[in-house]
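# Descriptive structure summary
Listed below, chain by chain, are the residues.
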Amino acid sequence: MSVSPTHPHAECHTDRNADPSPSIAQRLAFAQPIVRDAAALAMAMRPAPGGPDASLKGRQDYVTEADQAVEKLISTRIDALFPNDGFIGEEGGSQRDGQYAWVVDPIDGTSNFARGRDRWCVSLGLLYEGRPMGGIIFAPALDEFYLGQIGVGAWMNGRPLKASPLRDGRSAMIEMGWSPVVATDEYSRRMTQFLEMGAMPRSSGSGALATADVASGRLDAYLEIAINLWDVAAALVLLAESGAVTSDFLGEGGAERPTRFLAAAPGLAEALEQVTSIPLKSDRSS
Ligand code: IPD
Ligand code: CA
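Criteria and thresholds
Residue numbers restart at each chain and count upward from 1, following the sequence in its written direction. Chains and ligands are labelled by the order in which they are written, letters from A for the one and numbers from 1 for the other. Side-chain atom pairs in this predicted model are given and counted only at pLDDT of 80 or more, local residue features only at pLDDT of at least 70, and totals for whole chains, interfaces and linings cover all residues. Side-chain measures were taken over the full set of non-hydrogen atoms in the model, leaving aside hydrogen atoms and water. In this description a helix means any DSSP run of H or I spanning at least four residues, a strand means any run of E spanning at least two, and both kinds are numbered starting from the N terminus. In this setup the radius of gyration rests on C-alpha atoms only. A globule is expected at 2.2 Å times the number of residues raised to 0.38. Burial classes: relative accessible area under 20% of the type maximum marks a residue as buried, over 50% as exposed, and values in between as partly exposed (1.4 Å probe, protein chains only). Here, residues are in contact when the closest pair of their heavy atoms is within 4.5 Å. For the area figures, the Shrake-Rupley method with a 1.4 Å probe applies, and any residue is considered shielded solely by the protein chains shown. The charge count treats Lys and Arg as positive and Asp and Glu as negative. His and the chain ends do not count. Charge positions are represented by NZ for Lys, CZ for Arg, CG for Asp and CD for Glu. As a per-residue quantity, pLDDT reports the predictor's confidence and falls between 0 and 100. We call two strands paired when DSSP finds no fewer than two bridges between them. Throughout, an axis means a line fitted to C-alpha atoms (over the contacting stretch in the case of helices), and angles, computed between N-to-C directions, take values from 0 to 180 degrees. When two rings of Phe, Tyr or Trp (its six-membered ring) have centres within 6.5 Å they constitute a pair, described as stacked for plane angles under 30 degrees, edge-to-face for angles over 60, and tilted for the intermediate range. Think of it as a cone above the ring: NZ of Lys or CZ of Arg counts as a charge over the ring if it is within 6 Å of the ring centre and within 35 degrees of the ring normal. Only nitrogen, oxygen and sulfur atoms qualify as donors, provided they sit within 2.8 Å of the metal or within 3.2 Å for Na, K and Ca; with water excluded from the atoms, sites may seem incomplete. Any site counts as irregular unless it has four donors with all angles between 85 and 135 degrees, making it tetrahedral, or four or six donors with opposite ones more than 155 degrees apart and the rest between 65 and 115, making it square planar or octahedral. Working definition: residue near molecule or strand if any one of its non-hydrogen atoms lies within 4 Å of it. Within 3.5 Å is the distance limit for a polar contact, defined as a pair of N or O atoms, with the added protein rule that one can donate a hydrogen and the other accept it, and that residues adjacent in sequence qualify only through two side-chain atoms. Three classes are used: nonpolar for Ala, Val, Leu, Ile, Met, Phe, Trp, Tyr, Cys and Pro, charged for Asp, Glu, Lys and Arg, and polar for all others, with Gly counted as polar.

### What about the overall build of the protein?
- Helix and strand counts for the protein come out as 7 helices and 15 strands.
- For 286 residues, the compact-globule formula gives about 19 Å, and the C-alpha radius of gyration of the protein, at 18 Å, lands near that figure.
- Seen through its principal axes, the protein has C-alpha atoms that stretch 55 × 45 × 30 Å.
- For the protein, buried positions account for 55% of its 286 residues.
- When contacts within the protein are restricted to residue pairs at least 6 apart in sequence, long-range pairs at least 24 apart make up 66% of them.
- Summing over all exposed atoms, the protein offers an accessible surface of approximately 12200 Å²; the carbon and sulfur share of this is 48%.
- The protein carries 25 positive and 36 negative side-chain charges, and their two centres are separated by 4 Å.

Pasting the structure below:
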């Protein structure tokens, strides 16, 4: 198997969190064109503006034919290349176990996609023995391609990701994700905490892109009261490499069930821990 890593420094593994073998860089190199092809398929299937053009899995919980087709494309191509790898997908059609495991959100931001909007992405994370090691997120309508590898780095369209330097909550922009599983009271209580800090609120419909925004410094924090592994598996790597701080999503059970997740600029860690009572830590590896 001959591989040309498609990001800088892809083969320098320097610390305790770095590759257990060169296989992670190889896997990510092979996975990037798969994500691009998956996103092209989704673009071709995107409904015209209007809608929503989708079926309902539950209240305000959409699924489109594209979600299923994109997950199938990724699952089939990964299985052909790495038949012993595990696979976990949001649409759940083809789960497999393995030491390496791919975690796929075929379209994150389906509610946007179903209305012909631009803010959605394909998200593909790579775990090794349950630890996030690699992440790829592509938002084709925004032309934003994110790539990260633990111990190596993280980039958006080739530019290194760096969490925001902000330290003052009164200048912060904070997004809160929403999903129908969250109680209205709890959502309002958390939003009030941020508003009382002086932060400007956002809610844009894609947990994967919002957490990537924390990694790039375009957002100062993101909170979701209950979010799934496939929404954040790729972004966990981007966040760790960007210097952001996060709550202990996997330690709190995020691989098994919807779990709270807070990610933030390091300079806001203390203030956010105080107002939310959610502990934050840095996973920076280099
Ligand atoms: C949802 C989006 C949303 C987040 C939800 C997710 P989907 O994923 O990421 O922003 O708040 O928790 O379920 O349904 O668009 O794939
Ligand atoms: Ca999702």
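### Re the confidence of the model for the protein
- Of the residues in the protein, 91% reach a pLDDT of 70 or more, and the chain-wide mean stands at 91.
- Below a pLDDT of 50 lies the segment residues 1–20, which in the model reaches 45 contacts outside its immediate sequence neighbourhood of four places, other chains included.

### As for the sheet that holds strand β5 (residues 121–128)
- Read from one edge of the open sheet, 7 strands run β3-β4-β5-β6-β7-β8-β9, paired in mixed fashion. At either margin of the open sheet sits one strand with a lone partner, and together these are β3 (86–89) and β9 (159–160).
- Of the strand pairs in this sheet, strand β4 (residues 100–108) and β5 are connected by 7 bridges, and their pairing is antiparallel. Counterpart to Val 104 in the pairing with β5 is Leu 124.
- Packed onto the sheet, helix α5 (residues 207–216) meets β4, β5, β6 (131–139) and β7 (144–149) and runs at close to 105 degrees relative to β6.
- Helix-sheet contacts for helix α6 (residues 229–242) involve β3, β4, β5, β6, β7 and β8 (153–156), and the interaxial angle to β6 is about 105 degrees.

### Some remarks on the packing of aromatic side chains
- On inspection of all chains with the given rule, the structure shows 6 aromatic pairs.
- A centroid spacing of 6.0 Å and a plane angle of 25 degrees characterise the contact between Phe 82 and Trp 102, whose relative ring orientation is stacked. With a gap of 20 residues between them, Phe 82 in the loop between α2 (65–81) and β3 and Trp 102 in strand β4 connect regions that are remote in the sequence. For the residue pair Phe 82 and Trp 102, the accessibility class agrees, reading buried in each case.
- With centroids separated by 5.4 Å and ring planes inclined at 55 degrees, the aromatic side chains of Phe 138 and Phe 145 adopt a geometry described as tilted.
- Judged by its relative accessible area of 8%, Phe 138 falls in the buried class.
- For Phe 145, a relative accessible area of 7% gives the class buried.
- Cluster of aromatic residues (ring-pair linked, three or more members): Phe 30, Phe 82 and Trp 102.
- Lying over the aromatic face of Tyr 100, Arg 27 brings its terminal NZ or CZ to 3.6 Å of the ring centre.

### Considering the coordination of the calcium ion (ligand 2)
- Summarising the metal site, the calcium ion (ligand 2) is bound by the protein donors Glu 90 (OE), Asp 105 (OD), Asp 108 (OD) and Asp 231 (OD), whose distances to it range over 2.0 to 3.1 Å.
- Note that the calcium ion (ligand 2) binds 6 donor atoms; their angles at the metal cover 61 to 161 degrees, and the shape is irregular.
- Mapping the donors of the calcium ion (ligand 2) onto the primary sequence yields the spacing E-x14-D-x2-D-x122-D. Of the two residues, Asp 108 sits in strand β4 while Asp 231 sits in helix α6, which places them 123 residues apart along the sequence.
- A relative accessible area of 11% means that Asp 231 is categorised as buried.

### Quick notes on the site of ligand 1
- What surrounds ligand 1 is a group of 14 residues, the closest being Asp 108, Gly 109, Thr 110, Gly 207 and Glu 224.
- Note that an oxygen atom of ligand 1 is positioned 3.0 Å from one of the side-chain N or O atoms of Glu 90.
- Here an oxygen atom of ligand 1 sits 3.2 Å away from a polar atom, N or O, in the main chain of Gly 205.
- In isolation ligand 1 has 380 Å² of accessible area, and contact with the protein removes 89% of it.
- It is β4 that contributes the most residues to the shell around ligand 1, 3 residues altogether.
- Classifying every residue of the shell around ligand 1 gives 2 nonpolar, 7 polar and 5 charged.

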